[in-house]
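Per-entry structural report
Next come the chains, spelled out residue by residue.
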Amino acid sequence: MSTKRSYKSYSFELKLDAVKRVQAGESVKVVAKQLDVVDPDYIYVWIDKYETYGEVGLKRKKRNSSISDQDIIKDLEMENEILKKYLQIQRKEGKRQSSR
């Protein structure tokens, strides 16, 4: 008798929610149960990916993945540029506020 194993996939939003909740101090087991994650160990894997690659890591698929490390690097570089520009704007706004 053979048993066919089915795999459940989880959305990016669910993974990100789980990671954020655990990082905020919630128990992995509680979060897994509330989000209907079959194995709490998945959340630990998502946390590792999030800490290594950021949000892009949670979108990454291992099987038949068309996302390469170069794509991830490009996404992260773009994100860094956006954040740098945002900080420049914040600094300019801060100087304007303090000069009044």
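Numbering of residues begins from 1 in every chain and follows the order in which that chain's sequence is written. Residue-level local features of this predicted model are given only where pLDDT is at least 70; pairs of side-chain atoms are given and counted only at 80 or more, and the full residue set underlies all totals for whole chains, interfaces and linings. Calculation of side-chain values draws on the structure's entire complement of heavy atoms; hydrogens and water are dropped beforehand.

With that settled, the discussion passes to the nonpolar core. Only buried residues count toward a nonpolar core. Its members are Ala, Val, Leu, Ile, Met, Phe, Trp, Tyr and Cys residues joined through side-chain atoms within 4.5 Å. Whether a residue is buried, partly exposed or exposed follows from its accessible area with a 1.4 Å probe, protein chains only, as a fraction of its type maximum: under 20%, in between, or over 50%, in that order. Core analysis: the largest hydrophobic core is formed by 17 residues, its most contacted members being Val37, Ile43, Trp46 and Leu58. Helix and strand labels come from DSSP, where a helix needs a run of H or I of at least four residues and a strand needs a run of E of at least two; each type is numbered from the N terminus. Elements with a minimum of two residues in this core: α1 (12–23), α2 (28–35) and α3 (41–53). If we ignore the near neighbours within four places in the chain, the residues touching Val37 are Tyr10, Leu14, Ala32, Tyr42, Ile43 and Trp46. The contact criterion used throughout is that any non-hydrogen atoms of two residues lie within 4.5 Å.

Turning our attention to the packing of α1 against α2. Convention adopted: a line fitted to C-alpha atoms gives each axis, helices being fitted over their contacting stretch, and angles between N-to-C directions are expressed from 0 to 180 degrees. Closest axis-to-axis distance for the α1/α2 pair is 9 Å, and the angle between their directions is 150 degrees. By the angle class used here, α1 and α2 are roughly antiparallel. When the axes of α1 and α2 are compared, the crossing they make is right-handed. Seen from α1, the contacting residues are Leu14, Asp17, Ala18, Arg21 and Val22; seen from α2, they are Val28, Val31, Gln34 and Leu35. For the contact of α1 with α2, a count of residues per class yields six nonpolar, one polar and two charged. Roughly parallel covers angles under 35 degrees, roughly antiparallel covers those over 145, roughly perpendicular covers 65 to 115, and oblique covers all other angles. Left-handed is the label given to a crossing in which the near helix is rotated counterclockwise from the far helix by less than a right angle, and right-handed is the label when the rotation is clockwise. Residues are grouped as follows: Ala, Val, Leu, Ile, Met, Phe, Trp, Tyr, Cys and Pro are nonpolar; Asp, Glu, Lys and Arg are charged; all remaining types, including Gly, are polar.

These results come straight from atomic positions and should not be treated as a statement about function.
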